[in-house]
Amino acid sequence: DPQQLELATSGKRKLRRFIVIDEVVDELYGSKVREYFEENNVQHKILALPTTEETKSMDLVLNILQEVQNFSIDRRTEPIIAIGGGVCLDIVGLAASLYRRRTPYIRVPTTLLSYVDASVGAKNGVNFLQCKNKLGGYTPPVASFLDRSFIQSIPRRHISNGLGEILKMALMKHKGLFDLLKSHGKYLLDTKFQSYSSSANHGDAALQTTRIAIETMLEELAPNLWEDDLDRLVDFGHLISPELEMRVLPSLMHGEAVNIDMAFMTYVAHTRGLITTEEKEQIIQCMRGLELPIWHGGCSWPLIKRALMERLKHSGGQPRMPLPTGLGVAEIFNDTSEETLKRAYELWVRD
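Residues numbered from 1 in each chain as written. Predicted model: local features only at pLDDT ≥ 70, side-chain atom pairs only at ≥ 80, totals over all residues. Heavy atoms only, no water.

## Notes on the overall build of the chain
Here is step 1 of the chain: Check the secondary structure of the chain and you find 13 helices and nine strands.
Here is step 2 of the chain: The C-alpha radius of gyration computed for the chain amounts to 21 Å, which stays within 12% of the reference 20 Å derived for 351 residues, consistent with globular compactness.
Here is step 3 of the chain: For the chain, the C-alpha atoms occupy an extent of roughly 70 × 50 × 35 Å along the three principal directions.
Here is step 4 of the chain: Total accessible area computed for the chain in this model is approximately 16000 Å², and 51% of it derives from carbon and sulfur atoms. (Helix = DSSP H or I, 4+ residues; strand = E, 2+ residues; numbered from the N terminus. Rg over C-alpha atoms; globule rule 2.2 N^0.38 Å. Areas by Shrake-Rupley, 256 points an atom, 1.4 Å probe, with all protein chains shown as cover.)

Structure representation (structure tokens):
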């Protein structure tokens, strides 16, 4: 809106911003964020909160909205800014979508997982009744600002966690991305996705892997932003993992739970004859190279059956099971028998 732009840049009215930042990120970068707003003469309120799967609730959303109301923002020209991992971006997205029915917000992801996953698309939400993201909506941000320098301060396990979601896109859609992860996985873990001029042998593996992961994710999400079509390749790794992740909190991170789900589904694909033994081994070895767990004691046969029953309830009575049919190619299947699943489970546990 030219009028709003004129008002915002004319200096007649002081710029104001409400920022929600994860408390761990605030300890590391809060002073820089405050400095930035002060230098640019922006009136601001920074709310630092513990944003974890355990705190991802409507209570936290209401806490944010109370502070937003106290600060008082213009619901069209003063976006709320979320700085943190995926949980922070999800919570703030939901809060913004509820405040005055739709207040713009900006995502600034600070973990690898949120950089390639939560920063893309329109979904937001919170956990409810021990169920992952049971409450939420579809309100895209006005922008996502991606800065890989945040990733250098996160622990190695968090890098591995993000690699789980990148591997998902590689297995579903992009053989080249799979090859990059196989060749450069350890290097990416060691360098924490930073780009160095001395990394000639690796090209700019960090830039390539994140760019391809985001582009393939956008290819899948953009035509189906509101999930009108429930056949979604991006659901690979998300059939059993929501149940597993919530059941064993906080022992598994999101990308780790997703990888365990993907490992099992790799065995399902192999048992069905969709991938060769060599392809199955390549996938499992790549997961090991990325330091991702490929099995968890909490992923019992009863849990798998319960998770797939939940899946049927929320996907129009069909399992809509994305499975690899090769490396970097996949299809969605509705005809996997319980016998096949059980056989795949037994082989997986044995291995």
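That covers the picture; the talk isn't over yet.
## What about helix 11 (residues 277-289)?
Residue pairs three or four apart in sequence face the same way in an α-helix, which turns once every 3.6 residues.
Here is step 1 of the chain: Over its 13 residues, helix 11 extends 18 Å from the first C-alpha to the last, a length consistent with the 18 Å expected when each residue adds 1.5 Å.
Here is step 2 of the chain: Taken together, the buried positions of helix 11 are occupied by Glu279, Lys280, Gln282, Ile283, Ile284, Cys286 and Met287.
Here is step 3 of the chain: If you follow the buried residues of helix 11, they end up packed against helix 6 (156-173), helix 7 (175-191) and helix 10 (254-271).
Here is step 4 of the chain: Once helix 11 finishes, Glu291 follows within two positions and takes phi at roughly 60°, a positive value. (Expected span 1.5 Å × (residues − 1). Buried < 20%, exposed > 50% of the residue type's maximum accessible area, 1.4 Å probe, protein only. Contact = heavy atoms within 4.5 Å.)

## Observations regarding the side chain of Arg107
Here is step 1 of the chain: Position of Arg107 among the secondary structure elements: in strand 4 (residues 105-109).
Here is step 2 of the chain: For Arg107, which is buried and forms no salt bridge, the nearest opposite charge comes from Asp90, at a distance of 5.5 Å.
Here is step 3 of the chain: One polar contact links the side chain of Arg107 to the main-chain carbonyl oxygen of Lys123, over a distance of 3.1 Å. (Lys, Arg positive; Asp, Glu negative; His and termini not counted. Salt bridge = Lys/Arg side-chain N within 4 Å of Asp/Glu carboxyl O. Polar contact = N/O pair within 3.5 Å; in protein donor to acceptor, adjacent residues only side chain to side chain.)

## A closer look at the domain arrangement of the chain
Here is step 1 of the chain: Each domain of the chain was delimited in the assignment, giving domain 1 (14-151) and domain 2 (155-223 + 230-350).
Here is step 2 of the chain: A separation of 27 Å is found between the C-alpha centroids of domain 1 and domain 2.
Here is step 3 of the chain: Opposite the 19 residues of domain 1 that make contact, domain 2 presents 28 residues.
Here is step 4 of the chain: Carbon and sulfur atoms supply 68% of the area buried between domain 1 and domain 2, which totals about 1900 Å² over both sides.
Here is step 5 of the chain: Summed over the three residues of domain 1 that lose the most area to domain 2, namely Leu112, Leu113 and Arg148, the buried surface amounts to 32% of that side.
Here is step 6 of the chain: Scanning the region where domain 1 abuts domain 2 turns up two salt bridges.
Here is step 7 of the chain: Here Lys132 makes a salt bridge to Glu245, at a shortest N to O gap of 3.3 Å.
Here is step 8 of the chain: Here domain 1 and domain 2 share five residue pairs in polar contact (both at pLDDT 80 or more) between them.
Here is step 9 of the chain: At the level of elements, helix 5 (112-118), strand 5 (123-128) and strand 6 (131-138) are the ones that each hand at least two residues to the side of domain 1 that touches domain 2.
Here is step 10 of the chain: Looking at which element gives the most residues to the side of domain 1 that touches domain 2, the answer is helix 5, with five residues.
Here is step 11 of the chain: In terms of residue class, the side of domain 1 that touches domain 2 is built from eight nonpolar, four polar and seven charged. (Domains from an automatic or database assignment. Buried area = accessible area lost by both parts, 1.4 Å probe. Nonpolar A, V, L, I, M, F, W, Y, C, P; charged D, E, K, R; others polar.)

## A closer look at the pairing of strand 4
Taken residue by residue, a regular strand's side chains alternate between the two faces of the sheet.
Here is step 1 of the chain: Buried residues dominate strand 4, accounting for five of its five residues.
Here is step 2 of the chain: Here strand 4 shows a buried face lined by Tyr105, Arg107 and Pro109 and a second buried face lined by Ile106 and Val108.
Here is step 3 of the chain: In terms of strand pairing, strand 3 (residues 80-84) meets strand 4 through five bridges, oriented parallel. By the bridge assignment, Ile83 is partnered in strand 4 with Val108. (Pairing = 2+ DSSP bridges.)

## Let's talk about the nonpolar core
Here is step 1 of the chain: Core analysis: the biggest nonpolar cluster contains 69 residues, and Leu167 and Phe264 have the highest contact counts within it.
Here is step 2 of the chain: Among the elements that make up this core, the one with the highest residue count is helix 10 (ten residues).
Here is step 3 of the chain: Residue assignment places this core across two domains, with domain 1 (14-151) and domain 2 (155-223 + 230-350) each supplying three or more.
Here is step 4 of the chain: Other than its neighbours up to four places away in sequence, Phe264 contacts Ile240, Ile304, Leu341, Ala344, Tyr345 and Trp348.
Here is step 5 of the chain: Counting residues in hydrophobic clusters, the runner-up holds 25 residues, among them Leu60, Leu65, Phe71 and Val87. (Core = buried A, V, L, I, M, F, W, Y, C linked by side-chain atoms within 4.5 Å.)

## Focus: the packing of helix 10 against helix 11
Here is step 1 of the chain: Interaxial distance between helix 10 and helix 11 falls to 10 Å at its minimum, and their mutual angle equals 170°. Considered as vectors, helix 10 and helix 11 are oriented roughly antiparallel to each other. Together, Asn259, Met262, Ala263, Thr266, Tyr267 and His270 of helix 10 and Thr277, Lys280, Ile283, Ile284 and Met287 of helix 11 make up the contact between the two elements.
Here is step 2 of the chain: A per-class count over the contact of helix 10 with helix 11 returns six nonpolar, four polar and one charged. (Axes fitted to C-alpha atoms, helices over the stretch in contact; angles between N-to-C directions. Parallel < 35°, antiparallel > 145°, perpendicular 65-115°, else oblique.)

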